[in-house]
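# Analysis of the macromolecular model
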Amino acid sequence: MIIRMSKIEIAGPKDLLQQVLSLLRELGLFQVEPAAIGFIDSADEQHVRSFSLDEKTTIERLYLEDLRLKIDDLVSLLPHAAVRESYIDPPTVIEALARMVDHHTVQARELSERRDALQKERVELERNAVFLSAVASLLQSAKETPNLEFIGLTVRDPAMVGNLREAISRITDWKYEFQTGTAGDGTVVGLITVEKAIADKVKRSLADEQVPELTFPAAFGSMTFTEKIAYVNQRKIEAAAEIEGATAAQERFAHRWLPLYRSVRDWIDGRLSLLRTTASAYETKMCFFIHGWMPSRDLERIRGSLLRSLGPQVVVEEKEMREQDLEHVPIALRNPAYFRPFELMTSLLPLPAYRSYDPTPFIGIFFPIFFGIILGDAGYGLVLLLGAWYLRKRFRGDQRIHDGGTILMISSGYTIFFGVLFGEFFGDLPERLFHLQPLCVERRTAIVPMLIFSLAIGAGHVVLGLLLGAMNAFQRNLKREGLFKALSIVVIFLIAAVLASFFGVFPLVLKRPAVLLILFLTPLLLFAGGILAPLEFLKSIGNIISYVRITAIGLTSVLLAYVANQLGGLTGDVVLGVVVAGLIHGLNIVLGVFSPTIHSLRLHYVEFFSKFVEHGGRKFEPLKK
Amino acid sequence: MNLEKVLIAFCAALAIGIPAIATAWAQSRIGAAGAGTLAEKPELTGTVIILVAIPETMVILGFVVATMILFTVK
């Protein structure tokens, strides 16, 4: 339900503005409206101006904004660790923190940079280790001597090895050794062994050919390959220990200071939000004015609180809600406990306009019914009921998943109910095992009756949507829109009567008057709905046909369950049969959660709500901590 | 007689198969665009679901026609 809102003006002496705003923030019931349109009469505009902060408050605001930025800077340098809550009153330490924040930022930056550098070094060492371990295997067959130089390289394309070998032979006059191997990451590495005298020539040639030589950090100095490998392994261990130390130092710092800084930051946020809200107030020579919105039922509560705290000097007045104000009223939804979880589904849509309807109760009533009809299997319903119970129990703290579990629980109740009506318990097991017949209809064979049933549901649902749309349009004085929707309902009934007469459900003698009435109403439809009326009306008919999906999706579920039992039976072995049938039923249950949900939602979002819900409301965001 | 049954079944298969392909094609295009939209504006989830769901009507109508072919053509 959309909560009824009141348009409110609060006025009082200028020096009480901050106290009034603090109190309103404590109560969390009042949304300040910065725009004056609709609140201040044009005749009074010359006496009223935006509230301007005094010098002291302006300085305070700038000081707090600067400190807030500095704290943000510091916090961004610290690890996101779960830390305790600070119980120190922020205003008592704010000045001390303001003096220390720069020093702490330098410390935190040093720690952060140290850790980043070590991590970078570790990545570099890992990379070198990969290549060196590959080269090490090549080195085993080449003995290191003072006259020889080893050149490591990476070969991008293994097909290049032949060309490289040929080029090196030419440069070194066949005085070389070239071995290749594959590194751990799949890169082909090579090791060229040449005399020191011609090593530079080979390196230059490799550079000209754009073959990257393995480069190592400066710390490696003039180490041989064997020394490099030992160094890398040693340094990796040291770096890991140093990173651990740096992380621990950062965490110690965060544990010590983060709670205090967070608490001060929250306090600054609150104070700044109050000071910013001040900019939405108005003033005359003596008084301040705040305009805004609040739930009508809380009006007396706010009046009483202001009276008790600040006396009769502050006045709360409920102003008349005019037609043009209705577009600006913020929207707050409040539903009974049963419907509240379904707000999860309506939250996917934009908020409804203030004069429209909250779609939550409608989705709360019809969604589980549609879900139940589509899935319609008592066994599946029981499994889903257990799943829903687990979700609700396991995710008690996560409101969205808890709500999802509640919706699933309600829907599985309807699934069991319709499952009993359709005689389905894990497909046709009741019939196979106990020769039980369905109470109502066997969906697997009664396709046409189920199609008619789903069309009837569609007609009822769409007509209800049109009826609500017509009522809403008449309330808003949109007579033509209301008339079009009302006429659409009549024509839908007449078309249903004509169709029913073909099946002998409706007296055939009344078919001709029904057709004549449709022809008579058609010009009226055009008059009320304009040139697009036929299209709009056909859309409504298309919307009704769309409800056939209830049968279509349900039929796939029934048939899959039937196939599961049939295949299970064909195995000729009890255990194997149960396993095969169980697997297919499991798949069907998983599909049975998603498919009915998506299609039931679609029927609401596209077919039903388009008839009466007008979107475009803005969220009610009261001033609060 | 058998050939007639085969033809009826074939026509019913076409009646649902072609709209199913058309729906799949439309949904693939809308779905891809929708996924891109949601990456930037998650608040449009409802609108994207509606847009993705719209072409499904084709396959539902195909299902109705296929059912009519199977159960009314004698």
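See the structure printed just above.
On a predicted model such as this, the values are computed, not experimentally measured, just so you know.

Here we take up the overall build of chain B. Looking only at helices and strands, chain B features three helices and zero strands. Secondary structure of chain B in N-to-C order comes out as α-α-α. At 17 Å, chain B has a C-alpha radius of gyration far larger than the 11 Å of a compact globule built from 74 residues. Each principal axis of the C-alpha atoms in chain B carries an extent, and together these give about 60 × 15 × 10 Å. Relative to its full complement of 74 residues, chain B shows a buried share of 22%. Across chain B, every contact between residues at least 6 apart in sequence was considered, and the portion connecting residues at least 24 apart equals 73%.

Right, let's get into unusual backbone geometry. You will see that phenylalanine 426 of chain A, though not glycine, has its phi angle at about 55°, which is positive. Relative to the elements of secondary structure, phenylalanine 426 of chain A occurs in the loop between α11 (399-422) and α12 (429-434).

This part covers the nonpolar core. If you look at the biggest cluster of nonpolar residues, it comprises 53 residues, and the most contacted ones within it are Phe370, Ile374, Tyr547, Val548 and Ile550 of chain A together with Phe63 of chain B. When residues of this core are traced back to their parent elements, those giving at least two are α9 (360-375), α10 (378-394), α11, α13 (447-475), α17 (549-570) and α18 (574-608) of chain A together with α1 (2-40) and α3 (56-72) of chain B. Top contributing element to this core by residue count: α13 of chain A, with 10 residues. In contact with phenylalanine 63 of chain B, not counting residues within four places along its chain, are Val548 and Ala552 of chain A together with Ile16 of chain B. Leu29, Val32, Tyr282 and Ile331 of chain A belong to the second-largest nonpolar core, a separate cluster that totals 30 residues.

On the chain A side, the residues contacting the 14 residues of chain B number 16 residues. Only α2 (45-53) and α3 of chain B provide two or more residues apiece to the side of chain B that touches chain A. Ranked by the residues each element gives to the side of chain B that touches chain A, the list is headed by α3 of chain B, at eight residues. In terms of residue class, the side of chain B that touches chain A is made up of nine nonpolar, four polar and one charged.

All names here are of chain A. Looking at the secondary structure, you find leucine 21 in helix α1 (residues 17-27). Considering only alpha carbons, one finds leucine 21 and leucine 274, 253 residues apart in sequence, at a separation of 6.7 Å. With residues up to four places along the chain from it excluded, the contact list for leucine 21 reads Leu274, Thr277 and Thr278.

Right, let's talk about the packing of α9 of chain A against α17 of chain A for a bit. Residue and element names in this part refer to chain A. Interaxial distance between α9 and α17 falls to 7 Å at its minimum, and their mutual angle equals 45°. Taken as axis vectors, α9 and α17 run oblique relative to one another. Of the residues in α17, those touching α9 at Phe370, Ile373, Ile374 and Leu375 are Ile550, Ile553, Gly554 and Ser557. Considering only residue class, the contact of α9 with α17 consists of six nonpolar, two polar and no charged.

How each quantity is defined
- Residues numbered from 1 in each chain as written.
- Chains lettered and ligands numbered in written order.
- Predicted model: local features only at pLDDT ≥ 70, side-chain atom pairs only at ≥ 80, totals over all residues.
- Helix = DSSP H or I, 4+ residues; strand = E, 2+ residues; numbered from the N terminus.
- Rg over C-alpha atoms; globule rule 2.2 N^0.38 Å.
- Buried ≥ 20, exposed ≤ 12 C-beta atoms within 10 Å, placed from the backbone.
- Contact = placed C-beta atoms within 7 Å.
- Core = buried A, V, L, I, M, F, W, Y, C linked by C-beta atoms within 7 Å.
- Nonpolar A, V, L, I, M, F, W, Y, C, P; charged D, E, K, R; others polar.
- Axes fitted to C-alpha atoms, helices over the stretch in contact; angles between N-to-C directions.
- Parallel < 35°, antiparallel > 145°, perpendicular 65-115°, else oblique.

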